[in-house]
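Reading the structure
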Amino acid sequence: MLRSRLDLASWSPSVSSFPVVAALLVGCTIFNVAANASFKAAALSPNWRGFLSWQVAGNLAGFVTVLALTGLLKFIPLAVAFPVTTGLAVIGVQVAAAALIFHESISATQWLGTAVIVAGILLVGRS
């Protein structure tokens, strides 16, 4: 059954569902980072086999991301789940994939943006 606007206003997470929600958030983030890193690897591939292999890996990781998000929506409202998972994906891709895996430089302005995203996630998660 669909939740109404009133349900969102009165929604509060259950303590018993916290481990499941945390696991789904971590899984969603990890597989989102894996998907994006795979697409970057595909773009850097010198041949079609590497390109295709990384595309398949990225799409499989993306599919698992969607499954984790769908599971998460059983426990928290879309208005909370979407911004939190999107923000975590931005941070994960920027820090884990871009900086650590591909050694891309991240400017001070981009780090400031990351801090703003973290603050936004905290605000959305508390509402």
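Only a predicted model underlies this, so the values are computations on that prediction, with no experimental measurement involved.

Cut-offs and rules
- Residues numbered from 1 in each chain as written.
- Predicted model: local features only at pLDDT ≥ 70, side-chain atom pairs only at ≥ 80, totals over all residues.
- Heavy atoms only, no water.
- Helix = DSSP H or I, 4+ residues; strand = E, 2+ residues; numbered from the N terminus.
- Buried < 20%, exposed > 50% of the residue type's maximum accessible area, 1.4 Å probe, protein only.
- Areas by Shrake-Rupley, 256 points an atom, 1.4 Å probe, with all protein chains shown as cover.
- Contact = heavy atoms within 4.5 Å.
- Axes fitted to C-alpha atoms, helices over the stretch in contact; angles between N-to-C directions.
- Parallel < 35°, antiparallel > 145°, perpendicular 65-115°, else oblique.
- Left-handed = near helix turned anticlockwise from the far one by under 90°.
- Nonpolar A, V, L, I, M, F, W, Y, C, P; charged D, E, K, R; others polar.
- Patch = residues over 30% accessible without salt bridge, like charges linked within 9 Å, V, L, I, M, F, W, Y side chains within 5 Å.
- Salt bridge = Lys/Arg side-chain N within 4 Å of Asp/Glu carboxyl O.
- Core = buried A, V, L, I, M, F, W, Y, C linked by side-chain atoms within 4.5 Å.
- pLDDT = per-residue confidence, 0-100.
- Polar contact = N/O pair within 3.5 Å; in protein donor to acceptor, adjacent residues only side chain to side chain.
- Expected span 1.5 Å × (residues − 1).

A short note on the overall build of the protein
A count of helical and extended segments in the protein gives 5 helices and 0 strands. Listing the helices and strands of the protein from first to last along the sequence gives α-α-α-α-α. For the protein, the residues scored as buried account for 31% of the 127 residues in total. Put simply, the protein shows about 8400 Å² of open surface, and 73% of that area lies on carbon and sulfur atoms.

Digging into the environment of Ala-68
Its location among the elements puts Ala-68 in helix 3 (residues 48-72). With a relative accessible area of 9%, Ala-68 lands in the buried category. Ala-68 sits 42 residues away from Val-26 along the chain, and the two C-alpha atoms are 9.1 Å apart. If we skip the residues at most four places from it in the chain, Ala-68 touches Leu-24, Gly-27 and Cys-28.

So, the packing of helix 4 (residues 78-101) against helix 5 (residues 108-126)
Orientation of helix 4 relative to helix 5, taken along the N-to-C sense of each, is 155 degrees, at an axis distance of 9 Å. Considered as vectors, helix 4 and helix 5 are oriented roughly antiparallel to each other. Remark: the crossing between helix 4 and helix 5 carries left-handed chirality. Together, Ala-79, Val-80, Pro-83, Val-84, Gly-87, Leu-88, Val-90, Ile-91, Gln-94 and Val-95 of helix 4 and Gln-110, Trp-111, Thr-114, Ile-117, Val-118, Ile-121, Val-124 and Gly-125 of helix 5 make up the contact between the two elements. The residue inventory of the contact of helix 4 with helix 5, partitioned by class, reads 13 nonpolar, 5 polar and no charged.

Quick word on a nonpolar patch on the surface
Among the surface-exposed residues, Val-26, Ile-30, Phe-31, Phe-63, Val-64 and Leu-67 lie close enough to one another that they form a single nonpolar patch of about 530 Å² accessible area. Of all the secondary-structure elements, those providing two or more residues to the nonpolar patch are helix 2 (18-44) and helix 3. Mapping Phe-63 onto the fold places it in helix 3.

Side note on the nonpolar core
Val-21, Leu-24, Leu-25, Cys-28, Ala-68, Leu-72, Ile-76, Val-80, Ala-81, Val-84, Ile-91 and Ile-121 form the largest nonpolar core, which has 12 residues in total. Contributing elements (two or more residues each) for this core: helix 2, helix 3 and helix 4.

With respect to the confidence of the model for the protein
For the protein, the mean per-residue pLDDT works out to 88, and 89% of the residues sit at or above 70. Here helix 1 (residues 5-10) is the element of the protein with the lowest mean pLDDT, 48, and helix 3 is the one with the highest, 98.

Some thoughts on the side chain of Thr-29
By the secondary structure assignment, Thr-29 is in helix 2. Polar contacts involving the side chain of Thr-29 include one to the main-chain carbonyl oxygen of Leu-25, which spans 2.9 Å.

Section: the pattern of salt bridges
One pass over the structure, following the stated rule, counts 1 salt bridge. For the salt bridge of Lys-40 with Glu-104, the shortest nitrogen-to-oxygen distance reads 3.3 Å. Of this pair, Lys-40 sits in helix 2 while Glu-104 sits in the loop between helix 4 and helix 5; the two residues are 64 residues apart in sequence, bridging distant segments of the chain. For Glu-104, a relative accessible area of 35% corresponds to the partly exposed category.

Overview of helix 3
In a regular helix each residue adds 1.5 Å, so 25 residues correspond to 36 Å; helix 3 covers 36 Å between its end C-alpha atoms and thus fits that length. For helix 3, the full list of buried residues reads Gly-50, Gly-58, Ala-61, Thr-65, Ala-68, Gly-71 and Leu-72. Residues of helix 3 that are buried in the fold lie against helix 2 and helix 4. At the N-terminal end of helix 3, a side-chain oxygen is found 3.2 Å from the backbone nitrogen of Arg-49, two or three residues along, and the residue is Asn-47.

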